[in-house]
Amino acid sequence: MFAAKDAMAGHGVEFPAHSRHPMEAALAVCALPGMMGDIKPTEGHWKRLVDAVHATGKRTSVVSSEFFADAPDDEAIARIVDGLGRDQGRVHVLVTLRPLAKIMPSQWQQYVQNGLRMGYEDWLEHMLRKPPYEKPNPSFWHRHRHDRLVERWGRVVGPERVTVVVVDDRDRDGLLRAFEQLLGLPGNLLRPVPDAVNRSLTLAETEMLRNLNVEFRSNGLPDELYSKLIRNGAVMHMKNACSPAPQDVKISTPRWAVEVAAGIGAEMTERITATGVRVIGDPALLSAVPTAADDASVVPRIAPAVAAQALYGALAAAAAAPVRNTAPAKSRSVHQTSSKELVKVLGHRCLKRLRRR
């Protein structure tokens, strides 16, 4: 939609955000912190988005962020809705849903990109088998217990102003066509846009990052360094420079977890249907069990080229900070210093240079 914003405007539909994802605005209005090491979002981010929405007048505006699903309570949802124009009756809530079995591997690797150190199967055990199912990521069920998510927003805006779209991954353009119909746009105006930055990591890439997270935390390095060098350095460059090959191992979910997720999906589907909101698509997809489970026995191996791109991304991010007022070299040589101490020294020096910048 961001790529097609000029074309949409010709049909009375505006995309008022200044970037394709107004993440900071959504986090700010929900009073949530940013990603690990990022600058904390402020009320100014939200006000900028709200002002842009109101500047569109009576034209249709579309505001999109997955972080709205993290609004902690009805009060936060009301703050969002009021800011966007509840008094003018212009707010309609659209929720897109996929089966939990497809969401879980994607969500795990996203948590790893924000510092998570737990392996996938251990994470599944905690999320599905260990009450109260809140560790290590309490946000998972707040966001992905979809029936409660729909109920929360329905309580604030009314069920008649909530639409749920069930995504069918077999129809790759189905979601785009659904948005066009809901917004009154001509067919095929919205087109897929290649997006390397937003792609999921392979299992090998995620495991490499997870092990790096373990080292990062054990050495007591600051969060700001993680944001600059790891997530926005190593990971970002790796995503841009390396496309997953057909032989790369995907993150595979054990059969037991798929079946538990399907059972939860069936419960959620029943409750969503009972809310009276409009549902587009086949709700049965939310509880479908794949006919064949993924092979979880394959050992992930990171390609040397991929590891090199990740390392280069971190080095490039560090090099982007100019070296100023370099202190004289210590009398002790590198070879006389432990690797753990070297990592700490390098980390704090990089952070000092980044802050100077």
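Parameters and conventions
Residues numbered from 1 in each chain as written. Predicted model: local features only at pLDDT ≥ 70, side-chain atom pairs only at ≥ 80, totals over all residues. Heavy atoms only, no water. Axes fitted to C-alpha atoms, helices over the stretch in contact; angles between N-to-C directions. Helix = DSSP H or I, 4+ residues; strand = E, 2+ residues; numbered from the N terminus. Parallel < 35°, antiparallel > 145°, perpendicular 65-115°, else oblique. Contact = heavy atoms within 4.5 Å. Nonpolar A, V, L, I, M, F, W, Y, C, P; charged D, E, K, R; others polar. 1 Å grid on protein atoms, 1.4 Å probe; cavity = no way out; pocket = protein on both sides within 12 Å on 5 of 7 lines; lining within 4 Å. Points joined across faces, edges and corners; volume = space filled by probe spheres on them. Phe/Tyr/Trp six-rings, centres within 6.5 Å; stacked < 30°, edge-to-face > 60°. Buried < 20%, exposed > 50% of the residue type's maximum accessible area, 1.4 Å probe, protein only. Lys, Arg positive; Asp, Glu negative; His and termini not counted. Salt bridge = Lys/Arg side-chain N within 4 Å of Asp/Glu carboxyl O. Polar contact = N/O pair within 3.5 Å; in protein donor to acceptor, adjacent residues only side chain to side chain. Expected span 1.5 Å × (residues − 1). Left-handed = near helix turned anticlockwise from the far one by under 90°.

Participant: How would you sum up the packing of helix α3 (residues 43-54) against helix α4 (residues 74-84)? Please name residues and give values.
Facilitator: In contact at an axis separation of 9 Å, α3 and α4 are set at 40° when each is read in the N-to-C sense. Regarding the angle of α3 to α4, the classification is oblique. Across from Trp 46, Val 50, Val 53 and His 54 in α3, the residues of α4 making contact are Arg 79, Ile 80, Gly 83 and Leu 84. Its residues assigned to classes, the contact of α3 with α4 shows five nonpolar, two polar and one charged.

Participant: Please give an account of empty space enclosed by the protein that cites residues and values.
Facilitator: Summed over all chains, the structure comprises one cavity of 30 Å³ or more. The space that makes up the largest cavity amounts to roughly 30 Å³. Lining the largest cavity are Val 164, Val 166, Thr 269, Ile 272, Thr 273, Val 279, Pro 283 and Leu 286. Of all the elements, helix α12 (residues 255-275) adds the most residues to the lining of the largest cavity, at three residues. The residue inventory of the lining of the largest cavity, partitioned by class, reads six nonpolar, two polar and no charged.

Participant: Can you break down the packing of aromatic side chains residue by residue, with the values?
Facilitator: Across all of its chains, the model carries eight aromatic pairs by this definition. Summarising the aromatic geometry, the rings of Phe 2 and Phe 15 are spaced 6.0 Å apart at their centres and angled 65° between planes, so their arrangement reads as edge-to-face. Here the residue Phe 2 occupies a position in the segment before α1 (5-9), and Phe 15 occupies one in the loop between β1 (13-14) and α2 (23-29), the gap between them amounting to 13 residues. Among the residues examined, Phe 2 registers a relative accessible area of 33% and is labelled partly exposed. Accessibility expressed as a relative area gives 5% for Phe 15, which makes it buried. Look at Trp 108 and Tyr 120: their rings are 5.1 Å apart centre to centre, the planes differ by 40°, and that puts the pair in the tilted class. Note that Trp 108 is positioned in helix α5 (residues 100-112) and Tyr 120 in helix α6 (residues 120-129), a separation of twelve residues in sequence. Judged by relative accessible area, Trp 108 falls into the buried class, the value being 0%.

Participant: So what about the side chain of Arg 152? Which residues, and what values?
Facilitator: Examined against the element boundaries, Arg 152 turns out to sit in helix α8 (residues 146-157). Asp 74 provides the closest opposite charge to the buried, unpaired Arg 152, separated from it by 5.8 Å. A distance of 2.8 Å separates a polar atom in the side chain of Arg 152 from the backbone oxygen of His 142. Not counting residues up to four positions away in its chain, the partners in contact with Arg 152 are Ala 69, Ala 71, Asp 74, Ile 77 and His 142.

Participant: An account of the pattern of salt bridges is requested, with residue identities and associated values reported.
Facilitator: All chains considered together, the criterion is met by 20 salt bridges. A salt bridge links Arg 199 to Glu 205, with the nearest nitrogen and oxygen atoms 3.0 Å apart. Residue classification places Arg 199 among the buried residues on the basis of a relative accessible area of 13%. Residue Glu 205 is classed as buried on the basis of its relative accessible area of 3%. Between Arg 255 and Glu 259 there is a salt bridge; the shortest N-O distance is 3.4 Å. Here Arg 255 pairs with Glu 259, and both are found in helix α12, just four residues apart, close to one helical turn. Several salt bridges share partner residues, and in doing so they unite Arg 145, Asp 147, Glu 151, Glu 267 and Arg 271 into one network.

Participant: Talk me through helix α10 (residues 203-218); I want residue IDs and the actual numbers.
Facilitator: Relative to the 22 Å expected for 16 residues at 1.5 Å per residue, α10 spans 23 Å between its end C-alpha atoms, a close match to the ideal helical length. Considered for burial, the residues of α10 that qualify are Leu 203, Ala 204, Glu 205, Thr 206, Glu 207, Leu 209, Arg 210, Asn 213 and Phe 216. Where α10 is buried, its residues touch α5, α11 (223-241) and α13 (304-319). A positive phi of about 65° marks Gly 220, the residue just after α10.

Participant: Explain the packing of α6 against α12 to me, using residue names and the numbers behind them.
Facilitator: For any two helices packed against each other, one specifies the inter-axial angle together with the distance between the axes. For the pair α6 and α12, interaxial distance at closest approach is 11 Å and the crossing angle is 30°. The angle between α6 and α12 places the two elements in the roughly parallel class. The element α6 and its partner α12 pack so that their crossing is left-handed. Contacts between α6 and α12 involve Leu 124, Glu 125, Leu 128 and Arg 129 from the first element and Trp 256, Ala 257, Val 260 and Ile 264 from the second. For the contact of α6 with α12, the class distribution of residues is six nonpolar, no polar and two charged.

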